[in-house]
Amino acid sequence: MFLNKSYIIILLDNIKMSELERIFLNKWRNKKFKSKSIISKKIFYLKNYLKKLYPKSKNNMNKVSFSGWGMITTFPKPPWKNSKSKDDQNFNDFHDELCRLIKKKKFFLSQFYLPDTDYEKILEELKWRSYIIYNSALLSLNFAKRDKFNIVECGVCDGLTVFFALKVYKFKKVNFKGYLYDSFDEMKEEHLVDKDKNQSGNYNYLKIEQTQKNLEMFENEVVFLKGYIPNVFQNGDHPDEISWLHIDLNSSKTTFETMEFFYPKIVNNGIIIFDDYGMFDTTKEVVDDFLKNKKGHFISYPTGQGMFIKKVE
Ligand SMILES: C[S@@+](CC[C@H](N)C(=O)[O-])C[C@H]1O[C@@H](n2cnc3c(N)ncnc32)[C@H](O)[C@@H]1O
């Protein structure tokens, strides 16, 4: 059956959507995103929702304790709920702090902006992703011990993910520096392989000043390296030893170039987190290929994230 755009819109309007899905659908409708990538995303979401809706009885739905990024948890409860672990409680505190900052307009999530966005709901839906980021930073801090830690994020956007890593390092009162790489400008075709070209033009609304404002509580601990990867690696000061590296670039080509540049600098038990591993086939391919002969351990998560713990020979 041929599904035209208006038919898909009517269909999607009648399906219970998460806040993230609603925002993405509306952005697509407003033609703020390139339609091709959003259509495939919507079909993905639609399929997921149909799968989720039909097998579940009303009773089962009542037991849902987490729903986000196409994942639904009915049992057990997410680890941040009623946990006795101090680390889990800290995660909840950081999460609540971020919600408060957003409410007070001290932290702006431009990537999810629509006039009626429910940011609290978005953060709730992204909670597993944030929890994995938080724990990866904690792992690197506890097991890749140094006198001074360097942490790196490539693909910073508004600073949402790196907020959780920076909070961990700051809270534990260790000596650290965060290196934040982003073009803070639209994605360009020259940095994309053919299969990723639908990303071209995305993030044209980003402003480095906004992200700096969002992360101003870390202003003494972070440096912003504005520029396109890989060109940005050619000049300037880059860290020699890295404990934690997060790659979230929506591009397999630049993910590869980032690994080439930073992998030798990752210390023993240092962590690399890949946000796009389960979402972009092209990225999964280059990550699998790059890591296949490397010593360490890789784990992939239902959020689409992948994590590698490096072992130095
Ligand atoms: C998915 S967003 C990152 C999201 C972010 N980690 C968060 O907190 O949710 C992808 C980011 O990668 C950046 N980016 C994409 N290609 C780039 C390149 N070649 N060089 C530098 N930054 C790039 C974009 O500007 C955008 O901010």
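Quick note: structure is the one above.
The notes below deal with the structure included here.

Calculation rules
- Residues numbered from 1 in each chain as written.
- Predicted model: local features only at pLDDT ≥ 70, side-chain atom pairs only at ≥ 80, totals over all residues.
- Helix = DSSP H or I, 4+ residues; strand = E, 2+ residues; numbered from the N terminus.
- Buried ≥ 20, exposed ≤ 12 C-beta atoms within 10 Å, placed from the backbone.
- Contact = placed C-beta atoms within 7 Å.
- Pairing = 2+ DSSP bridges.
- Axes fitted to C-alpha atoms, helices over the stretch in contact; angles between N-to-C directions.
- Expected span 1.5 Å × (residues − 1).
- Arc of directions from axis to C-beta.
- Parallel < 35°, antiparallel > 145°, perpendicular 65-115°, else oblique.
- Left-handed = near helix turned anticlockwise from the far one by under 90°.
- Nonpolar A, V, L, I, M, F, W, Y, C, P; charged D, E, K, R; others polar.
- Right-handed = clockwise from strand over helix to strand, strands pointing away.

1. Observations concerning the environment of His238
Okay, step 1: In this fold, His238 is placed in the loop between β5 (222-226) and β6 (242-247).
Okay, step 2: Judged by the 18 C-beta atoms lying within 10 Å of it, His238 is partly exposed.
Okay, step 3: Between the C-alpha atom of His238 and that of Leu225, which follows or precedes it by 13 residues, the distance is 9.1 Å.
Okay, step 4: Each residue touching His238, except ones within four places of it in the same chain, is listed here: Tyr179 and Phe233.

2. Focus: unusual backbone geometry
Okay, step 1: For the bond running from Ile229 to Pro230, omega is 15°, close enough to zero to count as cis.
Okay, step 2: Structurally, Pro230 is set in the loop between β5 and β6.
Okay, step 3: With phi around 70°, Tyr203 is a residue other than glycine that occupies positive phi space.
Okay, step 4: Checked against the element boundaries, Tyr203 lands in the loop between β4 (176-182) and α9 (208-214).
Okay, step 5: Tyr203 sits in the partly exposed class, given 17 other C-beta atoms within 10 Å.

3. Things to note about the sheet that holds strand β8 (residues 296-300)
Okay, step 1: With respect to topology, 7 strands assemble into an open sheet ordered β5-β4-β3-β6-β7-β9-β8, the strand pairing being mixed. Edge strands, defined here as strands with exactly one partner in the open sheet, are β5 and β8. Strand-to-strand, the axes of this sheet are offset by a mean angle of 15°, without reference to chain direction.
Okay, step 2: Bridge count between β4 and β5: 5 bridges; the pairing is parallel. Within β5, the position partnered with Tyr179 by the bridge is Val223.

4. Some details on helix α5 (residues 86-103)
Okay, step 1: Spanning 18 residues, α5 covers 26 Å between terminal C-alpha atoms, matching the ideal 26 Å at 1.5 Å per step.
Okay, step 2: Residues of α5 that are buried: Phe91, His95 and Leu98. Taken end-on, α5 shows its buried residues confined to a sector of 60°, consistent with a single buried face. Relative to its buried face, α5 has exposed residues pointing more than 90 degrees away, namely Lys86, Asp93, Asp96, Arg100 and Lys103.
Okay, step 3: Those residues of α5 that are buried are in contact with α6 (119-125), α7 (127-143) and α8 (160-171).

5. Quick notes on the packing of α5 against α7
Okay, step 1: Where α5 contacts α7, the axes come no closer than 11 Å and their chain directions differ by 125°. On the basis of the axis angle, α5 is oblique to α7. As α5 packs across α7, the resulting crossing turns out to be right-handed. Together, Asp87, Phe91, Phe94 and His95 of α5 and Lys127, Ser130, Tyr131, Tyr134 and Leu138 of α7 make up the contact between the two elements.
Okay, step 2: Residues of the contact of α5 with α7, tallied by class, amount to 5 nonpolar, 2 polar and 2 charged.

6. Observations regarding the pairing of strand β3 (residues 149-154)
Okay, step 1: The buried fraction of β3 is high, at 6 of 6 residues.
Okay, step 2: Burial of the side chains of β3 extends over both faces: Phe149, Ile151 and Glu153 are buried on one face and Asn150, Val152 and Cys154 on the other.
Okay, step 3: For β3 and β4, the ladder comprises 6 bridges, and the chain directions are parallel. Across the sheet, the residue bridging to Phe149 is Phe176, located in β4.
Okay, step 4: Handedness of the β3-α8-β4 crossover: right-handed.
Okay, step 5: Both β3 and β6 contribute to a ladder of 4 bridges, which runs parallel. Directly across from Cys154, in β6, lies its bridge partner Ile247.

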